[in-house]
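These are the residues of each chain, in order.
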Amino acid sequence: MKILARVLAVSALSSISISAFAEPNTNSVPVAAFSETVETNTYTSVLPVVANDPILSKLDLSAQQQAEVAKISQQFGIQRPLLDNEQKQTLANLRYSRDNLVLDRNFDDDKARKIIAQEQKFWKKQKNNMADFELTNLKREHAIYQILSPSQQQQFLRLRQQLKDMRRK
């Protein structure tokens with residue numbers, strides 16, 4: 001992705017330098033342009049699932065249980081919802097609009113309200129996506145908990161509480 005961004009930057013610079021030698025167009029009006037290069041980060045599920053889980057890795061699961069955990073994780077396909085390039089570009093444009101609003105000689109209430117409304121709409125959608133992710137993750141945890149033996153279930157709950165306590169500190 002970084003290489004693509006560099007290629008785009010070089011091609012943009014070369015087109016600017018070429019246009020510098022072109023005949024000036026006296027009828028054109030200078031226009032400010034904004035572009036921001038964004039990268040997409042993605043999470044991919046890594047096998048074995050058990051080795052990467054802070055709780056499951058300590059439960060001494062049998063080979064059959066490990067296979068079931070991998071199957072459950074694949075079934076639910078949990079991936080944290082991340083911003084794609086279009087969403088990142090939308091946020092970058094909103095930040096740019098905010099910056100321009102601050103830099104303008106006169107403050108425009110209507111523009112400010114529109115920008116804030118767009119941001120709120122964007123983050124509401126992200127919050128809904130995160131809620132869907134959390135629901136799926138809870139279903140996954142429930143399914144995994146059901147395949148554990150009673151002693152593993154007790155250990156699971158104890159380790160889960162310890163992890164919560166550590167995160168609060």
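The shown structure was predicted, so the numbers you read here are calculated from the model rather than taken from an experiment.

Draft legend 1. Seen up close, the overall build of the protein chain. Within the protein chain, the regular secondary structure consists of 6 helices and 0 strands. When the helices and strands of the protein chain are read in sequence order from the N terminus, they spell out α-α-α-α-α-α. For the protein chain, the proportion of its 169 residues judged to be buried stands at 21%. Within the protein chain, residue pairs in contact and separated by at least 24 positions form 73% of the contacts whose partners lie at least 6 positions apart. Put simply, the protein chain shows about 13400 Å² of open surface, and 54% of that area lies on carbon and sulfur atoms.

Draft legend 2. Local environment of the nonpolar core. Formed by I55, L56, L59, L61, V69, I72, A143, I144, L148, F156, L159 and L163, the largest nonpolar core amounts to 12 residues. Put simply, the parts of the chain that give this core at least two residues each are α3 (63-76), α5 (109-146) and α6 (150-168). Ranked by residue count, the leading element in this core is α6, at 3 residues.

Draft legend 3. View of unusual backbone geometry. The backbone of D60 sits at a positive phi, close to 50°, despite the residue not being glycine. Its location among the elements puts D60 in the loop between α2 (49-52) and α3. Taking the relative accessible area as the measure of exposure, D60 reaches 71% and is therefore exposed.

Draft legend 4. Representation of the environment of Q118 in the model. Mapped onto the elements of the fold, Q118 is located in helix α5. Given the relative accessible area of 46%, Q118 is considered partly exposed. For the pair Q118 and T90, spaced 28 residues apart in sequence, the C-alpha to C-alpha distance is 9.5 Å.

Draft legend 5. Molecular detail of the pattern of salt bridges. Under the counting rule described, the total for this entry stands at 3 salt bridges. In this structure, the salt-bridge partner of E119 is R98, at a minimum N-O distance of 2.6 Å. Highlighted residues: E119 in helix α5 and R98 in helix α4 (residues 85-103), separated in sequence by 21 residues. Taking the relative accessible area as the measure of exposure, E119 reaches 14% and is therefore buried. One salt bridge in this structure joins D165 and R168, with 3.5 Å as the shortest N-O distance. Here D165 pairs with R168, and both are found in helix α6, just 3 residues apart, close to one helical turn. A relative accessible area of 31% places D165 in the partly exposed class. The class of R168 is exposed, set by a relative accessible area of 63%.

Draft legend 6. Inspection of the packing of α3 against α5 at higher detail. The N-to-C vectors of α3 and α5 enclose an angle of 160°; their axes lie 10 Å apart at closest approach. Of the possible angle classes, the one that applies to α3 and α5 is roughly antiparallel. Our pair here, α3 against α5, has a crossing hand that is right-handed. Of α5, the residues touching α3 (which contributes V69, I72, S73 and F76) are T136, K139, R140, A143 and I144. Here the residues of the contact of α3 with α5 are counted per class, giving 5 nonpolar, 2 polar and 2 charged.

Draft legend 7. Seen up close, α4. For α4, spanning 19 residues, the distance from its first C-alpha to its last is 27 Å, which sits close to the expected 27 Å at 1.5 Å a residue. Along α4, the positions that sit buried rather than exposed are Q87, K88, L91, A92, L94 and L101. Contacts made by the buried residues of α4 are with α5.

Cut-offs and rules
- Residues numbered from 1 in each chain as written.
- Predicted model: local features only at pLDDT ≥ 70, side-chain atom pairs only at ≥ 80, totals over all residues.
- Heavy atoms only, no water.
- Helix = DSSP H or I, 4+ residues; strand = E, 2+ residues; numbered from the N terminus.
- Buried < 20%, exposed > 50% of the residue type's maximum accessible area, 1.4 Å probe, protein only.
- Contact = heavy atoms within 4.5 Å.
- Areas by Shrake-Rupley, 256 points an atom, 1.4 Å probe, with all protein chains shown as cover.
- Core = buried A, V, L, I, M, F, W, Y, C linked by side-chain atoms within 4.5 Å.
- Salt bridge = Lys/Arg side-chain N within 4 Å of Asp/Glu carboxyl O.
- Axes fitted to C-alpha atoms, helices over the stretch in contact; angles between N-to-C directions.
- Parallel < 35°, antiparallel > 145°, perpendicular 65-115°, else oblique.
- Left-handed = near helix turned anticlockwise from the far one by under 90°.
- Nonpolar A, V, L, I, M, F, W, Y, C, P; charged D, E, K, R; others polar.
- Expected span 1.5 Å × (residues − 1).

These results come straight from atomic positions and should not be treated as a statement about function.
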